[in-house]
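Here are the chains, one letter per residue:
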Amino acid sequence: MTSSFADDTELDAIAAQVRSSSPLTDAELTPLLHEARRSPAGPAGASLVEHQLATVLDSALARRGRGVDVIDLYQEGTLAAAVAIGEYAGREGAAAGLEPYVARVVGVFLDDVIKREAEQKLADTLLVEQVKLLEAAELALRRRLEREPTALELAAALEWTPEVVEAVGAVLHRARDLYDSEIVDYLDDVDESDAGDTPDI
């Protein structure tokens, strides 16, 4: 059978599973919502979530290629759908409005997940750059002073506050201890020949 999603058999399996259930009619949804309101952790709530997974998958697929894996979006969206259904049942919402409500809540939630992931990646990138600058400054000052530079000396050289130097330095030392490959690979390659890339100290 040809995969609907290139190079993604796991996503194919999820799609086949969630789309195998027939949509519930309003007449079928109404008693389930009533039961979910009476017993939020009961089987009615689980059944409602199961029947909204196609909506979750559609929301995840609509955000494909935006920096978060579709499977991760689907998993996050499933949690959001469960919360949304519980809230909707508690509000005694009408059956006809359940799917649009879940779609709206899941969509807003996934957009926030994508935004937070992008912000975290940017922060990680900036932190790696700061660690590189600190390591280069340490090497240059150590060569010039023939001793370990102080936080104040590094702060002056980099035009940072001492607090930033200490915070970035803690990441640097932790990275060495934990063998953080992304940073340590760079650090292990730094030697005296890199002095030309250091700030003017």
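Worth saying up front: this structure is predicted, and the values here are computed from it rather than measured.

Thresholds applied
- Residues numbered from 1 in each chain as written.
- Predicted model: local features only at pLDDT ≥ 70, side-chain atom pairs only at ≥ 80, totals over all residues.
- Heavy atoms only, no water.
- Helix = DSSP H or I, 4+ residues; strand = E, 2+ residues; numbered from the N terminus.
- Buried < 20%, exposed > 50% of the residue type's maximum accessible area, 1.4 Å probe, protein only.
- Contact = heavy atoms within 4.5 Å.
- Arc of directions from axis to C-beta.
- Core = buried A, V, L, I, M, F, W, Y, C linked by side-chain atoms within 4.5 Å.
- 1 Å grid on protein atoms, 1.4 Å probe; cavity = no way out; pocket = protein on both sides within 12 Å on 5 of 7 lines; lining within 4 Å.
- Points joined across faces, edges and corners; volume = space filled by probe spheres on them.
- Nonpolar A, V, L, I, M, F, W, Y, C, P; charged D, E, K, R; others polar.

1. Comments concerning the overall build of the protein
Part 1 of the reasoning: Along its length, the protein carries 9 helices and 0 strands.
Part 2 of the reasoning: Sequence-ordered secondary structure for the protein, helices as α and strands as β, is α-α-α-α-α-α-α-α-α.
Part 3 of the reasoning: Expressed as a percentage of its 201 residues, the buried residues of the protein come to 35%.
Part 4 of the reasoning: Residue pairs in contact within the protein that sit at least 24 positions apart in sequence constitute 63% of those at least 6 positions apart.

2. A look at helix H1 (residues 9–18)
Each α-helix turn comprises 3.6 residues. Residues three or four places apart therefore point the same way.
Part 1 of the reasoning: Taken residue by residue, H1 has Leu11, Asp12, Ile14, Ala15 and Val18 as its buried positions. Projected down its long axis, H1 carries its buried residues within an arc of 165°, all on one side. Exposed side of H1, more than 90 degrees from the buried face: Thr9, Ala16 and Gln17 are the residues found there.
Part 2 of the reasoning: Packing partners of the buried residues in H1 comprise helix H4 (53–62) and helix H5 (70–90).

3. Section: the environment of alanine 80
Part 1 of the reasoning: Within the secondary structure, alanine 80 is located in helix H5.
Part 2 of the reasoning: Since its relative accessible area comes to 7%, alanine 80 is described here as buried.
Part 3 of the reasoning: The sequence separation of alanine 80 and valine 106 amounts to 26 residues, and the corresponding C-alpha distance is 5.7 Å.
Part 4 of the reasoning: Those residues in contact with alanine 80, other than ones at most four positions away along the chain, are Val105, Val106 and Phe109.

4. Some points on the nonpolar core
Part 1 of the reasoning: Tyr74 and Leu98 are the most contacted members of the largest nonpolar core, which totals 33 residues.
Part 2 of the reasoning: Taken together, the elements giving at least two residues each to this core come down to H1, helix H2 (26–38), helix H3 (43–51), H4, H5 and helix H6 (98–145).
Part 3 of the reasoning: Of all the elements, H5 adds the most residues to this core, at 10 residues.
Part 4 of the reasoning: Those residues in contact with leucine 98 that sit more than four places away from it in its chain are Leu29, Leu33, Leu48, Gln52, Ile85 and Tyr88.
Part 5 of the reasoning: The next biggest cluster of nonpolar side chains, apart from the first, holds 13 residues, and it includes Leu141, Leu154, Trp160 and Val165.

5. What to know about the layout of surface pockets
Part 1 of the reasoning: Roughly 270 Å³ of internal volume is contained in the largest pocket.
Part 2 of the reasoning: As for the largest pocket, its lining consists of 17 residues, and the residues nearest its centre are Pro23, Leu24, His51, Gln52 and Glu99.
Part 3 of the reasoning: Breaking the lining of the largest pocket down by element, the ones donating at least two residues are H2, H3 and H4.
Part 4 of the reasoning: No other element matches H4, which puts 4 residues into the lining of the largest pocket.
Part 5 of the reasoning: Along the lines of polarity and charge, the residues of the lining of the largest pocket split into 7 nonpolar, 5 polar and 5 charged.

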